[in-house]
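Letter by letter, the chains look like this.
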Amino acid sequence: MDKASNEDRVDFDRYATNYRELHDRNISASGETSEYFARYKARYLVRLLGTGFAGRILDYGCGIGLVTAELSTFLPLARLEAFDESKASIANVKPELKRKVHFCTDFSEVGAADVILVANVLHHVVLPERQLLINRLSAKLATSGRLVIFEHNPKNPLTVAAVRDCSFDEDAVLLQSGETVSLCAGAGLKVLRRDYIVFFPRQLSWLRALEPSLRWLPIGAQYAVVASKP
Ligand SMILES: C[S@@+](CC[C@H](N)C(=O)[O-])C[C@H]1O[C@@H](n2cnc3c(N)ncnc32)[C@H](O)[C@@H]1O
């Protein structure tokens, strides 16, 4: 199968009602749930921005809003907006979250942002369109705004196995962290950080306090790249 073609793309509308359940099952070896991974990302942003951050954050490719919900809790002053091309996913966002956050499926409705989050989206974007997407997001960033990308780490064998066994990852083509860094640089952004994250399963949770000091070690289950607009 030529995974680089648009015809093979996963239609997330088909997974909107059971996304969380499928995801929970797929990551069960970690001993954690979708909520843990969503909260992990929100906490990463809190460390980056500070709890009092009151700027505009766009959650691009927000799905059913799992990370968006955590951001609304952990960054209560931020002005949140969330976009996904999957209409059914947006329709499945919890009504109470929709009262706090503007969700949309029309990119022309999306305003400028101080921070754009792209969590586990890029591996679903066909190769020829990845640079175009990062360029488009860069254009929405305010001056000195930051793009924060989370991705699965193809160097981690457990991550690769989980992606292989996940029905909504059928079209996934994982990106090495260097590829993500190059996409940011290609859009004229200055890369500020590349952090490997999520090292220990729940069974070894007592070791998790070490994770921030392991951010250089390229075997974390995922990684984050942070880039800023000059
Ligand atoms: C694995 S889900 C991640 C959802 C969410 N970011 C999270 O971490 O829970 C990937 C999401 O990316 C969306 N997506 C894929 N390609 C996209 C694109 N080019 N533009 C916008 N959303 C896209 C899908 O519709 C899906 O909701």
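Because the structure is predicted, anything quoted here is derived from the model rather than measured.

Caption draft 1: Representation of the overall build of the protein within the structure. Within the protein, the secondary structure is distributed over eight helices and seven strands. Relative to the globule expectation of 17 Å for 230 residues, the C-alpha radius of gyration of the protein, 16 Å, shows essentially globular dimensions. Oriented by its inertia axes, the alpha-carbon framework of the protein measures out at about 40 × 40 × 40 Å. Expressed as a percentage of the 230 residues in the protein, the buried residues total 53%. Taking the contacts inside the protein whose residues are at least 6 apart along the sequence as the reference set, 72% of them involve residues at least 24 apart.

Caption draft 2: Summary view of the pattern of salt bridges. The full count for this structure, using the stated rule, is ten salt bridges. Here glutamate 35 ties to arginine 39 by a salt bridge, and the two come within 3.4 Å at their closest N and O atoms. Remark: arginine 39 and glutamate 35 occur in helix H2 (residues 34-49); sequence separation between them is four residues, near one turn of the helix. Using a relative accessible area of 40% as the deciding quantity, one classes glutamate 35 as partly exposed. With relative accessibility at 30%, the residue arginine 39 sits in the partly exposed group. Two residues, arginine 193 and aspartate 195, come together in a salt bridge whose shortest N-O distance is 2.8 Å. Assessed through its relative accessible area of 31%, arginine 193 is described here as partly exposed. By sharing partners, the salt bridges in this structure join Glu32, Arg202 and Arg208 into a single network.

Caption draft 3: Up close: the site of the ligand. Lining the immediate surroundings of the ligand are 17 residues, of which Arg9, Tyr60, Gly61, Asp84 and Ala119 lie closest. In this structure, arginine 9 approaches the ligand through a side-chain N or O atom, which is 3.0 Å from a nitrogen atom. Within the complex, the protein chains bury 93% of what would otherwise be the 600 Å² of accessible surface of the ligand. Residues of the shell around the ligand, tallied by class, amount to nine nonpolar, five polar and three charged.

Caption draft 4: Summary view of the packing of helix H6 (residues 127-140) against helix H8 (residues 177-186). At a minimum axis distance of 9 Å, the contact between H6 and H8 shows a crossing angle of 50°. Between H6 and H8, the angle is such that the two are oblique. For the crossing formed where H6 meets H8, the hand is right-handed. Residue-level inspection shows Arg130, Gln131, Ile134 and Asn135 of H6 in contact with H8, the latter providing Ser182, Leu183, Cys184 and Gly186. Each residue belonging to the contact of H6 with H8 can be placed in one class, and the counts come to three nonpolar, four polar and one charged.

About the cut-offs
Residues numbered from 1 in each chain as written. Predicted model: local features only at pLDDT ≥ 70, side-chain atom pairs only at ≥ 80, totals over all residues. Heavy atoms only, no water. Helix = DSSP H or I, 4+ residues; strand = E, 2+ residues; numbered from the N terminus. Rg over C-alpha atoms; globule rule 2.2 N^0.38 Å. Buried < 20%, exposed > 50% of the residue type's maximum accessible area, 1.4 Å probe, protein only. Contact = heavy atoms within 4.5 Å. Salt bridge = Lys/Arg side-chain N within 4 Å of Asp/Glu carboxyl O. Near = heavy atom within 4 Å. Polar contact = N/O pair within 3.5 Å; in protein donor to acceptor, adjacent residues only side chain to side chain. Areas by Shrake-Rupley, 256 points an atom, 1.4 Å probe, with all protein chains shown as cover. Nonpolar A, V, L, I, M, F, W, Y, C, P; charged D, E, K, R; others polar. Axes fitted to C-alpha atoms, helices over the stretch in contact; angles between N-to-C directions. Parallel < 35°, antiparallel > 145°, perpendicular 65-115°, else oblique. Left-handed = near helix turned anticlockwise from the far one by under 90°.

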